[in-house]
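Remarks on the overall topology
The chain contents come next:
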Amino acid sequence: MRTVRFGIIGCGLMGREFASAAARWCHLREPSARPVIVAVCNRSPEPMRWFTDHLGTIRQATANYRELLANPDVDAVYIAVPHHLHAEMYITAIEAGKHLFGEKPFGIDREANRAILAALAARPDCFARCSSEFPFFPAMQRIGRMLAGHEFGTILEVNAGFLHSSDLDPNKPINWKRSVATNGAYGCLGDLGLHPLHVPLRAGWMPRNVRAILSKVFTHRPGRDGQPAPCETWDNATLLCEAMDPTTRQIFPLTIKTQRIAPGEKNSWYFEILGTRRSARFSTKQANALQFLDYSGGEQPWQHLDMGQEMTYPVISGGIFEAGFSDVILQMWAAYLHELVHGHTPGPFAGCVTPRETQQHHEVLTAALESHRTCTVVTVNGD
Ligand SMILES: NC(=O)c1ccc[n+]([C@@H]2O[C@H](COP(=O)([O-])OP(=O)(O)OC[C@H]3O[C@@H](n4cnc5c(N)ncnc54)[C@H](O)[C@@H]3O)[C@@H](O)[C@H]2O)c1
């Protein structure tokens with residue numbers, strides 16, 4: 001089996017998730033390739049210690065990301081750092097000839113994203129994808145296959161969102177996600193928006209226009225010194241878009257919600273599609289369950305299907321065992337390596353976010369900011 005030697009830049013929350021998935025690689029049956037993490041980089045040394053203590057494969061630990069990118073023993077990099085660093089680090093990695101797994105929003109704003117895509121265009125040998133794990137839940141993969149099979153009839157409405165209550169507590173200390181300089185002007189949209197947009201964009205439902213309503217709830221939070229520090233970014237966003245189904249060419253309403261202050265929601269990613277022949281819905285609140293409704297005249301009962309381990313990238317678990325976040329992270333990484341090695345995925349919804357999809361999502365988010373500012377419906381640049 002082919003081995004891909006990885007460097008991780010940014011040893012925080014998501015860097016550790018990748019390391020844990022890589023350590024569990026034997027969970028996959030016949031994967032296309034195997035990641036080995038050989039190098040780590042973090043601005044401060046302490047977070048790197050967890051990696052050197054637990055992995056046993058680290059040959060380089062550095063505070064300077066350029067040193068990691070100069071390492072000829074690194075084939076690919078996962079860069080999981082605050083948003084203001086995306087463009088600089090992603091572009092330098094691409095120019096160094098490393099394959100890239102980036103994090104959302106793949107550039108702090110549209111200009112940064114365009115610069116990253118220009119660097120990629122100049123290096124077609126570099127394989128780049130962006131993270132978004134939730135479509136890899138078994139129920140969402142099943143919905144993806146239904147979409148590919150045009151099983152919904154005429155689409156009436158799609159609702160997708162990502163709801164957190166992470167910032168409901170006003171006494172939660174401030175972090176980089178609350179500052180425009182490090183998180184970006186998009187606020188919660190840049191932080192969460194790619195997750196609910198991934199499947200719609202993959203389905204070809206690029207929004208034509210958007211009316212957005214954004215809210216800032218808490219203006220200050222405790223800073224490092226305990227004193228109130230300004231909390232600058234948008235907390236919650238609701239987008240109402242018009243989208244067109246490329247199969248029927250019918251226009252339908254698409255709503256996207258991203259909220260960091262959603263009471264009762266710990267980490268709820270949801271997707272709902274209503275169609276004339278079939279409807280379906282999924283939420284991570286009930287991660288094992290796919291709900292669907294088939295209509296061919298008469299009554300319209302919702303059915304509830306337990307998905308178990310119906311994984312796109314097969315695993316050793318018994319088919320009846322339910323899947324969780326760690327399992328879908330593993331699926332997402334399996335998808336990245338599968339596509340890196342084979343140049344395609346087993347199905348249209350079985351791949352990670354493409355650079356083109358990150359660009360489309362920046363167009364939606366940029367239009368959403370303008371819509372809120374001008375209180376108008378804004379046409380989304382669809383080029
Ligand atoms: N896919 C997901 O579900 C998901 C979840 C959370 C965050 N994210 C994304 O992952 C990225 C990182 O988020 P996080 O929550 O892991 O952040 P984090 O704050 O936990 O980790 C970021 C790490 O980067 C390090 N860092 C900062 N500047 C650096 C530099 N110049 N050189 C090297 N290291 C540096 C920090 O010290 C920190 O350890 C963001 O783009 C975020 O949007 C994705």
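Residues numbered from 1 in each chain as written. Predicted model: local features only at pLDDT ≥ 70, side-chain atom pairs only at ≥ 80, totals over all residues.

**Here we look at the sheet that holds strand 5 (residues 99-102)**
Taken together, six strands build an open sheet; the order of strands is 3-2-1-4-5-6 and the sheet is parallel. Each having just a single partner strand, strand 3 (60-62) and strand 6 (128-130) make up the two edges of the open sheet. Recorded for the sheet is a direction-independent mean angle of 25 degrees between the axes of neighbouring strands. In this structure, strand 2 (residues 33-41) lies alongside strand 3, joined through three bridges in parallel fashion. Note on strand 3: the bridge partner recorded for A39 is Q60. (Pairing = 2+ DSSP bridges. Helix = DSSP H or I, 4+ residues; strand = E, 2+ residues; numbered from the N terminus. Axes fitted to C-alpha atoms, helices over the stretch in contact; angles between N-to-C directions.)

**Comments concerning the nonpolar core**
Generally speaking, a soluble globular protein has its nonpolar side chains buried in company with each other. Counting 110 residues, the largest nonpolar core has I79 and A368 as the members making the most contacts within it. A total of nine residues in this core trace back to one element, the largest contributor, which is helix 10 (residues 325-342). Here this core gathers at least three residues from each of two domains, domain 1 (2-130) and domain 2 (135-323 + 354-378). In this structure, A368 is in contact with L189, V210, A212, A237 and L239, ignoring residues within four places of it in sequence. (Core = buried A, V, L, I, M, F, W, Y, C linked by C-beta atoms within 7 Å. Buried ≥ 20, exposed ≤ 12 C-beta atoms within 10 Å, placed from the backbone. Domains from an automatic or database assignment. Contact = placed C-beta atoms within 7 Å.)

**A closer look at the sheet that holds strand 17 (residues 378-379)**
The strand order across the open sheet built from nine strands is 16-15-14-13-7-12-11-8-17, with neighbouring strands paired in mixed fashion. Each end of this open sheet is capped by a strand with a single partner; those strands are strand 16 (303-306) and strand 17. Taken together, the six bridges between strand 7 (residues 155-164) and strand 12 (residues 251-259) define a ladder with parallel strand orientation. Bridging from a neighbouring strand, N159 pairs with T255 of strand 12.

**Describing the domain arrangement of the protein chain**
As assigned here, the protein chain comprises domain 1 (2-130) and domain 2 (135-323 + 354-378). A separation of 25 Å is found between the C-alpha centroids of domain 1 and domain 2. At the junction of the two partners, domain 1 supplies 19 residues and domain 2 supplies 20 residues. At the level of elements, helix 5 (110-122) and strand 6 are the ones that each hand at least two residues to the side of domain 1 that touches domain 2. Counting residues per element, the side of domain 1 that touches domain 2 draws most heavily on helix 5, which supplies four residues.

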